[in-house]
Amino acid sequence: MNGLGIIRGLWVTFKHFILTYIEDIRAGKKRYYTQEGILARTRSDVRGAFTIQYPEEKYPVPEEFRYIPFLVYEEGENREKNYRCTSCGICAKVCPPQCIWIVRTTDPNTGKPIPAPAEFYIDVDICMNCGLCAEYCPFDAIKMDHDYEIASYNRFADHIFNKERLGKPLSYYAQIRPQNFAREEAARKAELEAKAARKPAAT
Ligand code: SF4
Ligand code: SF4
């Protein structure tokens, strides 16, 4: 029947409208100002519309949420940052708006390239959060962050992130993306075991 889709759509909107009042009256302030209330609102069966009282309240983001990328580093014995990035340049090549710049390290004596970034910049105002850089990086060296609170008035000083600003420890990655981290670590371990099994035994 002509117009049936419109009527159905209006019914859904009307239901949300009514349920918003019913749920607000039923749960009272609990729905808005408690951790329990925030968590209840993230469920897929949540009833009615609601307002997030940002910045006092923050909606928890799902694991696959992606914002600006960050560079993963592993901490060495003396807490030095060992970036996983090899400055291969793949992420910069695949980045659709071309907002990644990398300067490769060179050996000061020979001038030969060293597989590590001397500089790494991302213009975060141009980044479109597509995640392709993280998708294509062969070394799991760049990952998509959950931190979306980066607003500032200073476009150039604050929004061109350098290597230091982009760097975050592996433990942070494990914390925000536990399932991805566990899957990658399992794959890494399996690869190492397969490599060890292929090695001929020493005689
Ligand atoms: S982040 Fe990954 S893809 Fe980008 S330069 Fe570094 S190693 Fe290569
Ligand atoms: S998320 Fe997309 S736009 Fe942003 S730096 Fe990575 S590839 Fe470029």
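None of the values given here were measured: they were computed from a predicted structure.

1. Some thoughts on the pairing of strand S3 (residues 100–106)
For a regular strand, the rule is simple: side chains alternate between the two faces of the sheet. In terms of strand pairing, S3 meets strand S4 (residues 113–123) through 7 bridges, oriented antiparallel. The partner of arginine 104 across the bridge, within S4, is proline 117. Two successive antiparallel strands, S3 and S4, enclose a turn made up of 6 residues, where glycine 111 displays a positive phi of approximately 80 degrees.

2. A few points about the domain arrangement of the protein
Assigned domains of the protein: these are domain 1 (7–60) and domain 2 (68–180). Between the C-alpha centres of domain 1 and domain 2 the distance comes to 37 Å.

3. Quick notes on the site of ligand 1
Close contacts around ligand 1 come from 13 residues, with Cys85, Cys88, Gly89, Cys91 and Cys137 the closest. Looking at the shell around ligand 1 residue by residue, the class counts come to 10 nonpolar, 3 polar and no charged.

4. Some points on the pairing of strand S1 (residues 69–75)
Of all 7 residues making up S1, 5 are buried, and the element is well covered by its neighbours. With 3 bridges joining them, S1 and strand S7 (residues 167–169) adopt parallel strand pairing. Counterpart to tyrosine 73 in the pairing with S7 is proline 169. The sheet contact formed by S1 and strand S2 (residues 81–83) spans 3 bridges and is antiparallel. Its bridge partner lying in S2, tyrosine 73 is registered against tyrosine 83. Hairpin connection from S1 to S2: 5 residues lie between these consecutive antiparallel strands, with arginine 79 at a positive phi of about 60 degrees.

5. Focus on the site of ligand 2
The immediate surroundings of ligand 2 are formed by 13 residues, with Cys95, Cys127, Cys130, Gly131 and Cys133 found nearest. Per-class residue counts for the shell around ligand 2 are 11 nonpolar, 2 polar and no charged.

Each value, and the rule that gives it
- Residues numbered from 1 in each chain as written.
- Chains lettered and ligands numbered in written order.
- Predicted model: local features only at pLDDT ≥ 70, side-chain atom pairs only at ≥ 80, totals over all residues.
- Heavy atoms only, no water.
- Pairing = 2+ DSSP bridges.
- Helix = DSSP H or I, 4+ residues; strand = E, 2+ residues; numbered from the N terminus.
- Domains from an automatic or database assignment.
- Near = heavy atom within 4 Å.
- Nonpolar A, V, L, I, M, F, W, Y, C, P; charged D, E, K, R; others polar.
- Buried < 20%, exposed > 50% of the residue type's maximum accessible area, 1.4 Å probe, protein only.

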